[in-house]
Amino acid sequence: MLAESLFFSAVLFTIGVVGVLTRRNAIIVFMCVELMLNAVNLTFVAFARVYGVAGQVFVFFVMTVAAAEAAVGLAIIIALFRHKQTVDLSNINLLKG
Amino acid sequence: MSHGELPLFYVFHFYLFGIIAIASALAFVTRKSPVAAALWLVNTMFSLAALFVLLDAQFIGVIQVLVYAGAIMVVFLFVIMLLNLGHASEIADARGMGWKLAAGLVGLALLAQMFALTRARVPESLALPYGAVAEQVAAQGVIAPVAGPLFNEYLLAFEVTSVLLLAAVVGAVVLGKRRGSADAR
């Protein structure tokens, strides 16, 4: 079922990318990044079945990084909300020329 | 790998959970309310956990439910409710037509690339014999095949991960602290 897993993973990753590009709510954009990480995890697990369980160990590291990223990212979003009273990404344009 | 030897039960559930995952992901990116979107994403993660179990990664499936669906998504929902963003009307909507077009093009390009990679030939000499991981799980249990490499070959990465988590915790606390509390000390 390697080809099917890669197919599902590719579609999920693409949905995540399209979500990041089309949504303006910072929290939803952030959840789309989590969806992309999940899609990559599916690829790792599918390959681990054919090439050895080391792929499953990498899934652990991906999950740890995702947890750390979620903690820091959500803290940034909370700080941003305190500052601007919104999480709309089009209102967060401090670096825009 | 041919499908001839796989039982129909297995193939049916594999496709079922894959299609549920993709449908939930589509529902997730199209919802206006962040709470509904987060719950659809939880559904996607549960389906992925089922796929992991079907792919002989039972422990990863359990961790997926515990950590992703159980911990990370709860933190997301907590922040959505803390900031009172649950109302669909006042939250940011989708971007304009130009962005949607660009996103569609990028998505199509990505899909084309990844399907091309799916067709790529991987060296057969690297592959384990068919069902080797399932046999390993049957012989050693669900956790031992994952724990062995994690605490031997990848021990350094494991220790570095603990530093990463510590940095993330300190960073989250510093970022989450109110500015005014510096005077109150």
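Let me begin by describing the structure that accompanies this report. The model shown is predicted, which means the values in this text are computed figures rather than measured ones.

1. Structural notes on the overall build of chain B
Move 1: Across its full length, chain B carries eight helices and zero strands.
Move 2: Listing every helix and strand of chain B by position from the N terminus yields α-α-α-α-α-α-α-α.
Move 3: The globule rule puts the C-alpha radius of gyration for 185 residues at 16 Å, and the 22 Å found for chain B is more than 25% above it.
Move 4: Overall size of chain B, expressed as C-alpha extent along the three principal axes, is 65 × 45 × 30 Å.
Move 5: Counting across all 185 residues of chain B, residues that qualify as buried make up 33%.
Move 6: Here the contacts in chain B between residues at least 6 apart in sequence split such that 58% fall between residues at least 24 apart.
Move 7: Surface accessibility of chain B: about 11100 Å² in total, with carbon and sulfur atoms responsible for 71%.
Move 8: Positive and negative charge centroids in chain B, built from 10 and 9 side chains respectively, lie 18 Å apart.

2. Focus: the packing of helix α2 (residues 26-51) of chain A against helix α3 (residues 54-84) of chain A
All names here are of chain A.
Move 1: Between α2 and α3, whose axes approach to 9 Å, the crossing angle comes to 175 degrees. One element, α2, and the other, α3, form an angle in the roughly antiparallel class. Every residue of α3 that contacts α2 at A26, I27, F30, V33, E34, L37, N41, F44, V45 and A48 is listed here: G55, Q56, F58, V59, V62, M63, A66, E69, A70, G73, L74 and I77.
Move 2: Residues of the contact of α2 with α3, tallied by class, amount to 16 nonpolar, four polar and two charged.

3. Considerations on the layout of surface pockets
Move 1: Space inside the largest pocket adds up to approximately 870 Å³.
Move 2: In terms of lining, the largest pocket is formed by 37 residues, of which the most central are L2(A), A3(A), L6(A), F47(A) and T118(B).
Move 3: Sorting the residues of the lining of the largest pocket by element identifies α1 (2-22) and α2 of chain A together with α4 (97-118) and α5 (132-140) of chain B as the ones contributing at least two each.
Move 4: Here the lining of the largest pocket is built from residues that sort into 26 nonpolar, five polar and six charged.

4. A word on the interface of chain B and chain A
Interface size, as often reported, equals the accessible area lost upon joining of the parts.
Move 1: Tallying the contact residues gives 83 residues for chain B and 67 residues for chain A.
Move 2: Taken together, both faces of the contact between chain B and chain A bury some 6900 Å²; the carbon and sulfur share is 79%.
Move 3: At the boundary of chain B with chain A, the tally comes to one salt bridge.
Move 4: Across the pair R49(A) and D56(B) runs a salt bridge whose closest N-O atoms are separated by 3.0 Å.
Move 5: Residue composition of the side of chain B that touches chain A, by class: 65 nonpolar, ten polar and eight charged.

5. Focus on the nonpolar core
Move 1: In terms of nonpolar packing, the biggest core is built from 63 residues, with M31(A) and F76(B) touching the most fellow members.
Move 2: Elements with a minimum of two residues in this core: α1, α2 and α3 of chain A together with α1 (8-30), α2 (34-54), α3 (58-82) and α6 (144-151) of chain B.

What counts and how
Residues numbered from 1 in each chain as written. Chains lettered and ligands numbered in written order. Predicted model: local features only at pLDDT ≥ 70, side-chain atom pairs only at ≥ 80, totals over all residues. Heavy atoms only, no water. Helix = DSSP H or I, 4+ residues; strand = E, 2+ residues; numbered from the N terminus. Rg over C-alpha atoms; globule rule 2.2 N^0.38 Å. Buried < 20%, exposed > 50% of the residue type's maximum accessible area, 1.4 Å probe, protein only. Contact = heavy atoms within 4.5 Å. Areas by Shrake-Rupley, 256 points an atom, 1.4 Å probe, with all protein chains shown as cover. Lys, Arg positive; Asp, Glu negative; His and termini not counted. Charge placed at Lys NZ, Arg CZ, Asp CG, Glu CD. Axes fitted to C-alpha atoms, helices over the stretch in contact; angles between N-to-C directions. Parallel < 35°, antiparallel > 145°, perpendicular 65-115°, else oblique. Nonpolar A, V, L, I, M, F, W, Y, C, P; charged D, E, K, R; others polar. 1 Å grid on protein atoms, 1.4 Å probe; cavity = no way out; pocket = protein on both sides within 12 Å on 5 of 7 lines; lining within 4 Å. Points joined across faces, edges and corners; volume = space filled by probe spheres on them. Buried area = accessible area lost by both parts, 1.4 Å probe. Salt bridge = Lys/Arg side-chain N within 4 Å of Asp/Glu carboxyl O. Core = buried A, V, L, I, M, F, W, Y, C linked by side-chain atoms within 4.5 Å.

Read these as geometric descriptors, not functional statements.
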